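# An overview of the molecular structure
Residues per chain are reported as follows:
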Amino acid sequence: MSEVKLAAETRTEFGKGAARRIRRDNKVPGVLYGHGSDPLHLTLPGHDLLMALRTPNVLISLDIDGKTNELAIPKSVQRDPLKGFLEHVDLLLVKRGEKVTVEIPVQTEGELAPGGNLLEHVLNALPVEAEATHIPEVVTVSVEGLEAGASIHAKDITLPSGVTLAVEEDAVVLQVLQAQVEEAAEGEEAEGEEAAEA
């Protein structure tokens, strides 16, 4: 798991006007909370934060005002719906050795059985509990040769050492559906013939 160092500054200005000024300086307002401490309002470097957030569940080492170092993981990220820039980020304070609950993206490998079947991701991300400094970036699941009707449950996925499920073992993560395009097309043709006869 990658650890990214970011320089952060505490901020004393709040509200929409202050947030706009921060974003104009290519920075992002954020809040650091957790462990029962008071929320700490921060200003973070916009580009560096954007690059760090490309990694799911990235571990961020914060150098706050050049005085204190804290570890955090992103908990909530708000983006502008049209332009996509970062508007605000909530960071959860973590300690080395501490277990946290996060969602890991599910990635698939292999080819389904022939026949035009469709793979449905019931869960795009798998909720797990892992040590804060050893959160896997992704879990990879083989779908090689799966036929229509097959499904992969949370308990079927091999997790790295020290990582446990934070979801029901029987939760369906992936399932294979039978393609229904041809049947629908045949049904439409039959309807068309009936309409022509009438």
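Since we're looking at a predicted model, the values are computed, not measured. (Residues numbered from 1 in each chain as written. Predicted model: local features only at pLDDT ≥ 70, side-chain atom pairs only at ≥ 80, totals over all residues. Heavy atoms only, no water.)

### Digging into the overall build of the chain
Operational definition: Working definition: helices are DSSP H or I runs of at least four residues, strands are E runs of at least two. Numbering for both runs from the N terminus. Only protein chains enter the accessibility calculation, which uses a 1.4 Å probe; a residue whose area is less than 20% of its type maximum is buried, one above 50% is exposed, and one in between is partly exposed. Here, residues are in contact when the closest pair of their heavy atoms is within 4.5 Å. For accessible areas, the Shrake-Rupley method is used with a probe of radius 1.4 Å. Any residue's cover is judged against the shown protein chains and nothing else.
Along the chain, the regular secondary structure elements total three helices and 13 strands. Taking all 198 residues of the chain together, the buried fraction comes to 34%. Within the chain, contacts between residues separated by at least 24 positions form 63% of all contacts whose residues are at least 6 apart in sequence. When the accessible surface of the chain is totalled, it reaches about 11,900 Å², and 47% of it is carbon and sulfur.

### Description of the pattern of salt bridges
Rules: Salt bridge criterion: a side-chain nitrogen from Lys or Arg within 4 Å of a carboxyl oxygen from Asp or Glu.
Inspection of every chain in the model, using the stated rule, returns three salt bridges. With its nearest N and O atoms 3.9 Å apart, the salt bridge here joins Glu70 to Lys95. Of the two residues, Glu70 sits in strand β5 (residues 68-79) while Lys95 sits in the loop between β6 (86-94) and β7 (99-109), which places them 25 residues apart along the sequence. By relative accessible area, which is 40% here, Lys95 ends up partly exposed. Residue Asp170 pairs with Lys155 through a salt bridge whose shortest N-O separation is 3.0 Å. Of this pair, Asp170 sits in the loop between β12 (164-165) and β13 (172-177) while Lys155 sits in the loop between β11 (151-153) and β12, placing them 15 residues apart in sequence.

### So, the pairing of strand β3 (residues 37-45)
Operational definition: Two strands are counted as paired when DSSP detects at least two bridges linking them.
Bridge count between strand β1 (residues 3-10) and β3: two bridges; the pairing is antiparallel. Within the sheet, the bridge partner assigned to Glu9 lies in β3 and is Thr43. Pairing analysis gives seven bridges linking strand β2 (residues 27-34) to β3, with the strands arranged antiparallel. Within the sheet, the bridge partner assigned to Val31 lies in β3 and is His41. Once β2 ends, the chain turns through two residues before running back antiparallel as β3, passing His35 with a positive phi of about 55°.

### Considerations on the sheet that holds strand β10 (residues 139-142)
A sheet is described by the order of its strands in space; here four strands give the open sequence β10-β7-β9-β12, paired in mixed fashion. On the outer flanks of this sheet lie β10 and β12, each paired with one strand and no other.

### Observations concerning the sheet that holds β11
To be explicit about the condition: Axes here refer to lines fitted to C-alpha atoms; in helices the fit is confined to the stretch in contact. Angles between the N-to-C directions go from 0 to 180 degrees.
Ordered by their spatial adjacency, three strands build an open sheet running β8-β13-β11, and the pairing between neighbours is antiparallel. Of all the strands in the sheet, just β8 (118-121) and β11 have a single pairing partner and so form its edges. Neighbour-to-neighbour, the strand axes of the sheet open up by a mean angle of 10°, direction not taken into account. Of the pairings in the sheet, the one linking β8 to β13 comprises four bridges and is antiparallel in character. The residue of β13 that forms the bridge with Leu118 is Leu177.

### What to know about the confidence of the model for the chain
Stated precisely, the cut-off is as follows: Note on scores: pLDDT gives the predictor's confidence for each residue, bounded by 0 and 100.
With 89% of its residues at a pLDDT of at least 70, the chain reaches an overall mean of 82. Residue range residues 183-187 is modelled with pLDDT below 50. Its contacts to residues more than four positions away, or to other chains, number zero contacts.

### A few points about the nonpolar core
What counts is decided by this rule: What makes a nonpolar core is a set of buried Ala, Val, Leu, Ile, Met, Phe, Trp, Tyr and Cys residues whose side-chain atoms join them at distances within 4.5 Å.
With 24 residues, the main nonpolar core has Ile73, Leu126 and Ile157 as its most contacted residues. At the level of secondary structure, the elements contributing two or more residues to this core comprise β5, β6, β7, β9 (125-131), β10 and β13. Tallying contributions element by element places β7 first for this core, with four residues. Leu126 has contacts with Val102, Glu103, Ile104, Val106, Val139, Ala154, Ile157, Leu159, Leu165, Val167 and Val173, leaving out every residue within four places of it along the chain. Leu32, Ile60, Ala72 and Val89 belong to the second largest nonpolar core, which has 17 residues in total.

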